[in-house]
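Geometric and topological summary
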Number of protein chains: 2
Amino acid sequence: MQIGELARSTGVKIETIRYYEREHLLPLPQRTEGNYRLYSPRHVEQLRFIRYCRSLDMSLEEVRILIGVLDTPSGSCLTVNALLDEKIAEVDARVNELHKLQDQLRQLRGFCQQPDEVKTCGILMELNRSAGIDKAQI
Amino acid sequence: MQIGELARSTGVKIETIRYYEREHLLPLPQRTEGNYRLYSPRHVEQLRFIRYCRSLDMSLEEVRILIGVLDTPSGSCLTVNALLDEKIAEVDARVNELHKLQDQLRQLRGFCQQPDEVKTCGILMELNRSAGIDKAQI
DNA sequence: CCTTGACCCTGAAGCCACTTCAGGCTTTTC
DNA sequence: GAAAAGCCTGAAGTGGCTTCAGGGTCAAGG
């Protein structure tokens, strides 16, 4: 299976596949006589694993760790549990931040209901005001 | 006011201030004979404005747009309203994504309550399984 | 007068996870 | 035999900074 087919069957761009190879996240594939990459089902599996982890917001470094763990089947999975706990905490924190951000943005939006002149636009006035007192608040 | 004082009084790193200057987000400051940057209260104000916008998750490009709008006080603020509406939609979308992510991560975490051997770890098994059927699901 | 230390300067490179680009080779199809 | 589709490499670009190397400036103390 050539790189194009791998790309189509996983939905991952060709350039990204080559990038993962450079980053040692995918094992080196065989090559044809014409120097084209040749992939095995094993590669498909590992690429899907990487993408699924990425869809769970893991960094490539974290994926690298997981792949390392998978490669020593008799070891313990403590690392995996810790990694996941940390990730959960990160996402929770980010959600809380974004909730606050939503409030602020909606409040700000309320300051200008219809298009105004710049100099009297409530949003811009509020942005300037908040920037000014920002330090005092914190 | 030299760059160090500006940094202290706004909580922005010196290197970041110089970076904003390179990016034309801050006007060029005067210089002393010894080539030190000299800032005015106007610079303090604008730097605070930038940081406040950044704290609202705006990109530097968006901040650049807002600064441009502010510099033409007699224009309309339609751009500002549109920008903010878009930003609100983005944040809402991101929050929804993260909520789904939270569910997935917590469910995954449930697959391995106590440290296991790698080959029987529920998390790793589930990661592999989900990666495999991922495409079929979508 | 000289040195120490705090402060400042520039330009370049590093970070992450890719994406894009330039320039060229291989294989298939007409 | 020529065009089109597919593949190759290495380098540079993205955003929003941060870090680094290698200097120059300035006030205070000995």
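A brief report on the enclosed structure follows. Computed from a predicted model, the values in this text were never measured in an experiment. (Residues numbered from 1 in each chain as written. Chains lettered and ligands numbered in written order. Predicted model: local features only at pLDDT ≥ 70, side-chain atom pairs only at ≥ 80, totals over all residues. Heavy atoms only, no water.)

What surrounds DNA strand D is a group of 20 residues, the closest being Tyr36(A), Arg37(A), Thr16(B), Tyr36(B) and Arg54(B). Here a base nitrogen of DNA strand D sits 2.5 Å away from a polar atom, N or O, in the side chain of Tyr36(A). For the surface near DNA strand D, the secondary-structure elements that each account for two or more residues are helix H1 (3-10) and helix H2 (14-22) of chain A together with helix H2 (14-22) and helix H3 (41-55) of chain B. Looking at which element gives the most residues to the surface near DNA strand D, the answer is H2(B), with 4 residues. Looking at the surface near DNA strand D residue by residue, the classes come out as 7 nonpolar, 6 polar and 7 charged. (Near = heavy atom within 4 Å. Polar contact = N/O pair within 3.5 Å; in protein donor to acceptor, adjacent residues only side chain to side chain. Helix = DSSP H or I, 4+ residues; strand = E, 2+ residues; numbered from the N terminus. Nonpolar A, V, L, I, M, F, W, Y, C, P; charged D, E, K, R; others polar.)

Quick look at the relation of the copies chain B and chain A now. Related by rotation about an axis and a shift along that axis, the two copies of the chain form a pair. Mapping chain B onto chain A is achieved by rotating through 180° and translating by 0.0 Å along the same axis, at an RMSD of 0.2 Å. Taken together, these values place the two copies in the relation of a two-fold axis. Residues of chain B ranked by C-alpha distance from the rotation axis are headed by Val95(B), positioned 3.1 Å from it. Most of the interface of chain B is mirrored in chain A, where 100% of its interface residues again form contacts. (Least-squares fit on C-alpha atoms with pLDDT ≥ 70 in both. Contact = heavy atoms within 4.5 Å.)

Another aspect to go through is the packing of helix H5 (residues 78-109) of chain A against helix H5 (residues 78-109) of chain B. It is the contact of H5(A) with H5(B), at a shortest axis distance of 9 Å, that shows an interaxial angle of 155°. Between H5(A) and H5(B), the crossing angle belongs to the class labelled roughly antiparallel. Helix-helix and strand crossings are classified by hand; for H5(A) and H5(B) the assignment is left-handed. Split into classes, the residues belonging to the contact of H5(A) with H5(B) amount to 16 nonpolar, 6 polar and 12 charged. (Axes fitted to C-alpha atoms, helices over the stretch in contact; angles between N-to-C directions. Parallel < 35°, antiparallel > 145°, perpendicular 65-115°, else oblique. Left-handed = near helix turned anticlockwise from the far one by under 90°.)

Now for the protein's contact with DNA strand C. Taken together, 20 residues surround DNA strand C, and among them Glu15(A), Thr16(A), Arg54(A), Arg18(B) and Arg37(B) come closest. In DNA strand C, atoms within 4 Å of the protein come 83% from sugar and phosphate. A distance of 3.0 Å separates a phosphate oxygen of DNA strand C from a polar atom in the side chain of Tyr20(A). Elements with a contribution of two residues or more to the surface near DNA strand C: H2 and helix H3 (41-55) of chain A together with helix H1 (3-10) and H2 of chain B. The greatest single-element share of the surface near DNA strand C, amounting to 4 residues, is contributed by H2(A). By residue class, the composition of the surface near DNA strand C is 7 nonpolar, 6 polar and 7 charged.

What follows deals with the interface of chain B and chain A. With 54 residues of chain B in contact, the opposing surface of chain A contributes 56 residues. The junction of chain B with chain A conceals about 5,100 Å² of combined surface from both sides, 69% of it contributed by carbon and sulfur atoms. Connecting chain B to chain A are 6 salt bridges. Of the charged contacts in the structure, one is a salt bridge between Arg94(A) and Asp57(B), with a shortest N-O distance of 3.4 Å. Our count for the contact surface shared by chain B and chain A stands at 11 residue pairs in polar contact (both at pLDDT 80 or more). Mapped by element, the contributors of at least two residues to the side of chain B that touches chain A are H3, helix H4 (60-70), H5 and helix H6 (122-137) of chain B. Sort the elements by how many residues they give to the side of chain B that touches chain A and H5(B) lands first, with 20 residues. In terms of residue class, the side of chain B that touches chain A is built from 27 nonpolar, 14 polar and 13 charged. (Buried area = accessible area lost by both parts, 1.4 Å probe. Salt bridge = Lys/Arg side-chain N within 4 Å of Asp/Glu carboxyl O.)

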